[in-house]
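# Geometric and topological summary
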Amino acid sequence: MNLTCETWSALFKAESTKDYFIELNEFIRSEYASKIVFPAKEDLFSAFQATDYEKVKVVILGQDPYHGEGQAHGMSFSVQKGVTIPPSLRNIYKELHTDLGIVAPSHGYLMEWAKEGVLLLNTALTVRQGEPNSHKGKGWEQFTDAVIKKLNERSQPVIFILWGKNAEQKEQLITNSHHFILKSPHPSPFSANRGFFGSRPFSKVNQILADLGQEEINWKLTP
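Summarised in this report is the structure supplied together with it. (Residues numbered from 1 in each chain as written. Predicted model: local features only at pLDDT ≥ 70, side-chain atom pairs only at ≥ 80, totals over all residues. Heavy atoms only, no water.)

Across the five residues of strand E3 (residues 118-122), five count as buried, placing the element largely inside the fold. By the alternation rule, side chains of E3 split into Val 118, Leu 120 and Asn 122 and Leu 119 and Leu 121, which are all buried. As paired elements, strand E2 (residues 58-62) and E3 share five bridges and run parallel to each other. Within the sheet, the bridge partner assigned to Ile 60 lies in E3 and is Leu 120. (Buried < 20%, exposed > 50% of the residue type's maximum accessible area, 1.4 Å probe, protein only. Helix = DSSP H or I, 4+ residues; strand = E, 2+ residues; numbered from the N terminus. Pairing = 2+ DSSP bridges.)

The structure is reproduced here in structure tokens:
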């Protein structure tokens, strides 16, 4: 794994010696050897490779990776180009259009958001093919807790976007009052109509950043 960010590297090093992570590592190694697991090993930590700790402005917290062939590549809600846009991301694009008038691209590749300072993090980082939540409770949650706690230490404010109950469970870790939390139901078709649509997270993020004197996120993706 190639992490250029010293803070992420130090975090990974510290967590890797803990009992839970050693057990998690053994479990993941066995799963990759015996099952079809997403994302591919080389993409497992791509969110941390794409967005350095010091550059994080926004965290979008998902649940676990997409469980279909060729979809997940280590960044929540993002899929590789050429892959059909999943329903949750379609709803995110709908809200983006309603909120900021941005027309959705024909792809679901969100790397440009990551480069803008949006950490696209899932609460669990792996999943078996066709089995959502199959790696829930295996240790990833402790690791992503550590990531949130590390971001909570930042003196520079971070905006946490928590969509759905799994993401909202991380709220208790965000204890420093200079950070910002935006919550709504998950963009999944099962819950988007319960308050995700109309929540306007993208304009809210940019208004917070403007008030802080920071550069706003360019949410428009290259077609």
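On to the packing of aromatic side chains. Inspection of the entire model under this criterion finds 18 aromatic pairs. Centroid distance Trp 113 to Trp 219: 5.0 Å. Interplanar angle 90°. Geometry classified as edge-to-face. In this pair, Trp 113 sits in helix H5 (residues 111-115) while Trp 219 sits in the segment after helix H8 (201-211), placing the two residues 106 residues apart along the sequence. Take Trp 113 and Trp 219: they sit in the same class, and that class is buried. (Phe/Tyr/Trp six-rings, centres within 6.5 Å; stacked < 30°, edge-to-face > 60°.)

Residues apart from glycine generally show negative phi values, whereas peptide bonds are mostly found in trans. The omega torsion of the bond from Phe 38 to Pro 39 falls at -5°, within 30 degrees of zero and hence cis. Following the sequence through the fold, Pro 39 ends up in the loop between strand E1 (37-38) and helix H3 (46-50). Positive phi, normally seen in glycine, also occurs at Asn 133, with a value near 65°. Along the polypeptide, Asn 133 turns up in the loop between strand E4 (127-128) and helix H6 (140-152). Residue class for Asn 133 comes out partly exposed when judged on its relative accessible area of 30%.

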